[in-house]
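# Overview (structure and organization)
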Amino acid sequence: MNIDRPAMDAQRARGATTQELRDAFLVEGLFRAGEVSTVHTAEDRMLIAGVVPSGSALELPEIEALGPDGLERREFGVVNVGGPGVVVVDGERYELASRDGLYAGRGSSLSFEGDEARFYVVGTLAHTQLPAARIAFDETEPVELGDEAGAGRRRLYRYIWGGGTVESCQLQLGVTVLEPGAVWNTFPPHLHERRTEIYLYFELPDAARVVHLMGEPEHTRHVIVANEQAVIAPRWSIHSGAGTARYSFVWAMAGDNRDYGDLAPVPVEGLR
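Residues numbered from 1 in each chain as written. Predicted model: local features only at pLDDT ≥ 70, side-chain atom pairs only at ≥ 80, totals over all residues. Heavy atoms only, no water.

## Notes on the sheet that holds strand β8 (residues 92-96)
Consider a sheet: its strands pair through backbone hydrogen bonds, and that pairing is either parallel or antiparallel. Rules: Between any two strands, at least two bridges found by DSSP are needed for them to pair. Segments assigned H or I by DSSP are reported as helices when at least four residues long, segments assigned E as strands when at least two residues long, and all are numbered from the N terminus.
Spatial strand order, β5-β10-β7-β8: 4 strands in an open sheet with antiparallel pairing. Single-partner strands in this sheet number two, and they are β5 (58-59) and β8. The sheet contact formed by β5 and strand β10 (residues 110-113) spans 2 bridges and is antiparallel. The residue bridging Glu 59 from the neighbouring strand is Ser 111, located in β10.

## Some thoughts on empty space enclosed by the protein
Selection criterion: Cavity: a set of points on a 1 Å grid over the protein atoms alone where a 1.4 Å probe fits but cannot get out. Pocket: an open set with protein on both sides within 12 Å along at least five of seven lines, its lining residues, like those of a cavity, having an atom within 4 Å of a point. Grid points are joined across faces, edges and corners, and a volume is the space filled by probe spheres set on the points.
Considering all chains together, one arrives at 1 cavity of 30 Å³ or more under this definition. Of the pockets and cavities examined, the largest cavity occupies roughly 30 Å³. Lining the largest cavity are Pro 6, Ala 7, Ala 24, Phe 25, Thr 41, Glu 43, Ile 232 and Pro 234.

## Remarks on the side chain of Glu 43
What counts here: Only protein chains enter the accessibility calculation, which uses a 1.4 Å probe; a residue whose area is less than 20% of its type maximum is buried, one above 50% is exposed, and one in between is partly exposed. Under this rule, positive means Lys or Arg and negative means Asp or Glu; His and the chain ends count for nothing. Note on definitions: salt bridges are taken to be side-chain nitrogens of Lys or Arg within 4 Å of carboxyl oxygens of Asp or Glu. Here a residue-residue contact requires only that any non-hydrogen atoms of the pair lie within 4.5 Å.
Summarising the element assignment, Glu 43 is placed in the loop between β3 (36-41) and β4 (47-51). The side chain of Glu 43 is buried and forms no salt bridge, while Arg 235, the nearest opposite charge, is found at 7.6 Å. With residues near it in sequence (within four places) discarded, Glu 43 still touches Ala 7, Met 8, Thr 196, Ile 232 and Pro 234.

## Things to note about the packing of aromatic side chains
Rule in force here: Each Phe, Tyr or Trp ring, with Trp reduced to its six-membered ring, pairs with another whose centre is within 6.5 Å; inter-plane angles below 30 degrees give stacked pairs, above 60 give edge-to-face pairs, and intermediate values give tilted ones.
Applying the stated criterion to the full structure yields 10 aromatic pairs. Plain terms: the ring middles of Phe 137 and Tyr 157 are 4.3 Å apart, the flat faces sit at 40° to each other, and that makes the pair tilted. Here Phe 137, found in the loop between β12 (133-135) and β13 (143-145), pairs with Tyr 157, found in strand β14 (residues 154-160); they are 20 residues apart in sequence, far enough to count as distant. Side by side, Phe 137 and Tyr 157 carry an identical accessibility label, which is buried. An angle of 50° between the planes, with centres 5.8 Å apart, marks the rings of Tyr 201 and Phe 249 as tilted.

## As for the pairing of strand β11 (residues 119-125)
Burial runs high along β11: 6 of the 7 residues are buried. Pairing of strand β6 (residues 74-80) with β11, which is carried by 7 bridges, proceeds in the antiparallel orientation. Directly across from Phe 76, in β11, lies its bridge partner Gly 123.

Such coordinate-based values are descriptive only and should not be taken to indicate function.
Printed below as a string of structure tokens:
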């Protein structure tokens, strides 16, 4: 699966049908055994991929929408959402357990291995080459967010975010894990007016779903999301959700800056 997604503006999203919203913003079927599946969005020209080696080493394929050298002009963030695996960056092997991350700079050659591994890859345009780095989940200090009263207690792990030891050109990426009893993420919501953000939901039971809120604050919409599905949030859209069971998600951003605090809070009273 290799998909090129055009952008949808806010005004069109207001009147879109459920299927039109899903076609524009929801990514399904990203993880297929023995395959590399890619989705390129016109929103800040972000690229996401699901890589499931299933015993055979895999590499990112050439992507028509990016041109013949499109991968060479991008930096990459990787999160393993499956069992143990290996990412080879320019000949160097990096072992990734579940939830571990990896950064690979512009022009890097990547291949993926692991019988049980499921790699989520995010690629963004980059202006220079920076060194690769492995980010261990259990060595990353989380930011505690939410509370039990609001059913949103969660831990946010910042892997690549502009204020840590892993440098990037514009990519920001991390993992958020909900605590037992929590259902909400990113609530009250906010806007990233200078960046696109993509959520990949994972560790969600097969029969469970997340009601993902999107759209302009005064014209909210929603999509129903299953395990290992992603949602694209343009600069004009909020991105928040509530699940029927506990889950985790990978968040990734790209745009004008790497200022993690560059966001516009949306008061709950302003939601419609």
